[in-house]
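One letter stands for each residue in the lines below.
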Amino acid sequence: MHHVHHADHIRAHEDRPDDGFLLEIPGTLSICSIIYRPRSERINTQMIRPGKMLKQVLDSIFKKPATTKYPLTKANMPDKFRGKIIFHPERCIGCKLCMKDCPSGAIEIKKVGDKQFECEIDLGKCIYCAQCVDSCLKKALEATKEFELASLQRDTLKVVYKAADTPGDAGKASQ
Ligand code: SF4
Ligand code: SF4
């Protein structure tokens, strides 16, 4: 076995009599570990060849970063993201299937007039599963991409969507 001192990089010593090899990470706190792996599965402890590395570096320069600068830039949520639920009162028929299927009791539909329904969603209770959206046969509920909904006051998390006066009115939300 070779003893390595003051080396710049990780060294693997494979000249052991058994099927293991010694991995040594030199430094102030040297770490040594014997790794037993079948010879065929041994990890490649050698550096990536400079040519290959250069290609990776150049590729990365022209690639878009995988991360974004959120919250400094706007978060671009994917389609079908399940964020804040909104209500389209003109489509609601008051069947209350959404209320029945909501696993957290976060949604309430109230009849406020002839074929007029109001919807209250408690954003503090909602788990954003969008079950209500799937359950509604009239497409009166919709999941949006809005997710910045945190509040220090619990009562501001109750959103009321008023009944529509005229069809096509998207419903005014009041909190
Ligand atoms: S929102 Fe949809 S599921 Fe809920 S009461 Fe209205 S029509 Fe029914
Ligand atoms: S998204 Fe889920 S938890 Fe929220 S109101 Fe709809 S069914 Fe209830």
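Computed from a predicted structure; not experimentally measured.

Draft legend 1. Examining the overall build of the protein more closely. The helix and strand tally for the protein stands at three helices and nine strands. By residue count, 14% of the 175 residues in the protein fall in the buried class.

Draft legend 2. Representation of helix α1 (residues 50-62) within the structure. With 13 residues, α1 should reach 18 Å at 1.5 Å per residue; the first-to-last C-alpha distance of 19 Å fits that figure. In terms of burial, α1 is largely open, as just zero of its 13 residues are buried.

Draft legend 3. Structural context of the pairing of strand β6 (residues 116-122). The pairing of strand β5 (residues 107-113) with β6 spans six bridges and is classified as antiparallel. Residue pairing in the sheet places I109 in a bridge with C119 of β6. What sits between the antiparallel neighbours β5 and β6 is a turn of two residues, in which K115 has the positive phi angle 55°. One ladder, built from four bridges, connects β6 with strand β8 (residues 158-161); its direction is antiparallel. Bridge assignment links C119 to a residue of β8, and that residue is Y161.

Draft legend 4. The environment of F81, seen in detail. Residue placement: F81 occurs in the loop between α1 and β4 (85-87). On the neighbour-count criterion, F81 (15 C-beta atoms within 10 Å) is partly exposed. With 64 residues separating them along the chain, F81 and K145 place their C-alpha atoms 5.7 Å apart.

Draft legend 5. Quick look at the site of ligand 1. By nearness alone, 14 residues border ligand 1, and C92, C95, C98, C136 and A140 come closest of all. Partitioning the shell around ligand 1 into residue classes produces 10 nonpolar, two polar and two charged.

Draft legend 6. Region of the structure containing unusual backbone geometry. Cis geometry is adopted by the peptide bond preceding P71, which originates at Y70 and carries an omega value of 10°. Its location among the elements puts P71 in the loop between α1 and β4. The phi dihedral of K115 is positive, around 55°, even though this residue is not glycine. With respect to the secondary-structure elements, K115 resides in the loop between β5 and β6. For A130, which is not glycine, the phi dihedral falls at a positive 65°.

Draft legend 7. Layout of the confidence of the model for the protein. Residue-level pLDDT values for the protein average 82, and 69% of them are 70 or greater. Confidence over residues 1-7 falls short of pLDDT 50; this stretch has 11 contacts with residues more than four positions distant or in other chains.

Draft legend 8. Focus on the nonpolar core. Counting 19 residues, the largest nonpolar core has C98, I107, C119, I121, C132 and L141 as the members making the most contacts within it. Those elements that place two or more of their residues in this core are β4, β5 and β6. Per-element accounting of this core gives the leading share, three residues, to β6. Contact partners of I107, with chain neighbours within four places excluded, come to C98, M99, C102, C119, I121 and C132.

Conventions adopted
- Residues numbered from 1 in each chain as written.
- Chains lettered and ligands numbered in written order.
- Predicted model: local features only at pLDDT ≥ 70, side-chain atom pairs only at ≥ 80, totals over all residues.
- Helix = DSSP H or I, 4+ residues; strand = E, 2+ residues; numbered from the N terminus.
- Buried ≥ 20, exposed ≤ 12 C-beta atoms within 10 Å, placed from the backbone.
- Expected span 1.5 Å × (residues − 1).
- Pairing = 2+ DSSP bridges.
- Near = placed C-beta within 6 Å.
- Nonpolar A, V, L, I, M, F, W, Y, C, P; charged D, E, K, R; others polar.
- pLDDT = per-residue confidence, 0-100.
- Contact = placed C-beta atoms within 7 Å.
- Core = buried A, V, L, I, M, F, W, Y, C linked by C-beta atoms within 7 Å.

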